[in-house]
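# Overview (structure and organization)
Read off the chains here:
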Amino acid sequence: MENLIELVSKIRRPNLGEDVSVMIFRAFRVFVGLYLEDTVGQKGTITLMQNAGRELGKEVGRTLLDGDLQKYLGKVVDFVRDAKIGLLVPVDLKEDTLVVALDECITCSGMPNIGKRICHFEAGFVAGVVEAYMRRRVRAYETKCNANGEGICEVVVELNHA
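Predicted model, so just to flag it, every value in this text is computed and none were measured. (Residues numbered from 1 in each chain as written. Predicted model: local features only at pLDDT ≥ 70, side-chain atom pairs only at ≥ 80, totals over all residues. Heavy atoms only, no water.)

## Considerations on the pairing of strand 2 (residues 97-103)
We apply this condition: Exposure is judged per residue with a 1.4 Å probe applied to protein chains only, and the accessible area is read against the type maximum: over 50% gives exposed, under 20% gives buried, and values in between give partly exposed. Numbered from the N terminus, helices here are DSSP runs of H or I no shorter than four residues, and strands are runs of E no shorter than two. Strand pairing is assigned whenever DSSP detects at least two bridges linking the two strands.
Strand 2 sits mainly inside the fold: 6 of its 7 residues count as buried. One ladder, built from 6 bridges, connects strand 1 (residues 87-93) with strand 2; its direction is antiparallel. Bridged to Leu88 within strand 2 is Leu102. Hairpin geometry of strand 1 and strand 2 is characterised by an intervening segment of 3 residues between the two adjacent antiparallel strands. Here strand 2 pairs with strand 4 (residues 153-158) via 6 bridges, running antiparallel. For Val100, the partnering residue across the bridge sits in strand 4 and is Val155.

If you want it as structure tokens, here you go:
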């Protein structure tokens, strides 16, 4: 069976094309998030969104896999930009952590300060692309978010998380 990314990339809309507006995407995310919070609570929603992002990140990561870390990160950065998810910038790489910034985040860029971080899907996505490369589970979490008035989204990945 084809991988999920290849399968999804073959789906075409002959009249409407490939793009969907950010407004519609955000409305979808907001209403799904509200429904999930009503159904499984805030912690459950965070977990579900992160895990969904993680699975997508692993699928994308497997399609971009390259033995050289810098080349792989470059491919991931290009994918995120080309898919209009945002502008991913590796900020810091140490032995035990990777920090990335996501500017112009599809979920929250330009939003007013709502007093909370909401880009759990994106944090999960970053975890997934790292896991595809490292072939082991990592922990990722958002430390900055436009929706929390912090001007950019930032994700920290703990590389040696057991």
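Still more to cover.
## Comments concerning the packing of helix 3 (residues 69-82) against helix 4 (residues 120-134)
As a reminder of what qualifies: Each axis is a line fitted through C-alpha atoms, and for a helix only the stretch in contact is used; angles between axes span 0 to 180 degrees, taken between their N-to-C directions. Crossings are sorted by hand: turned counterclockwise from the far helix by less than a right angle, the near helix makes the crossing left-handed, and turned clockwise it makes it right-handed. In what follows, a contact means two residues having at least one pair of non-hydrogen atoms within 4.5 Å. Each residue is assigned to one class: nonpolar for Ala, Val, Leu, Ile, Met, Phe, Trp, Tyr, Cys and Pro, charged for Asp, Glu, Lys and Arg, and polar for all the others, Gly among them.
At a minimum axis distance of 11 Å, the contact between helix 3 and helix 4 shows a crossing angle of 150 degrees. The crossing of helix 3 and helix 4 is right-handed. On helix 4, the residues touching Leu69, Tyr72, Val76, Phe79 and Val80 of helix 3 are Phe125, Val129, Ala132 and Tyr133. In the contact of helix 3 with helix 4, the residues fall into 9 nonpolar, no polar and no charged.

## Remarks on the layout of surface pockets
This is how it is decided: Here a cavity denotes a set of grid points, spaced 1 Å apart and computed over the protein atoms alone, in which a 1.4 Å probe fits but from which it cannot get out, and a pocket denotes an open set meeting protein on both sides within 12 Å along at least five of seven lines; residues with an atom within 4 Å of a point are reported as lining. Grid points are joined across faces, edges and corners, and a volume is the space filled by probe spheres set on the points.
Empty space within the largest pocket amounts to approximately 1300 Å³. Contributing elements (two or more residues each) for the lining of the largest pocket: helix 1 (4-9), helix 2 (22-64), helix 3 and helix 4. The greatest single-element share of the lining of the largest pocket, amounting to 8 residues, is contributed by helix 2. Tallied by class, residues from the lining of the largest pocket come to 18 nonpolar, 3 polar and 8 charged. Its boundaries defined by the atoms lining it, the second largest pocket holds a volume of some 390 Å³.

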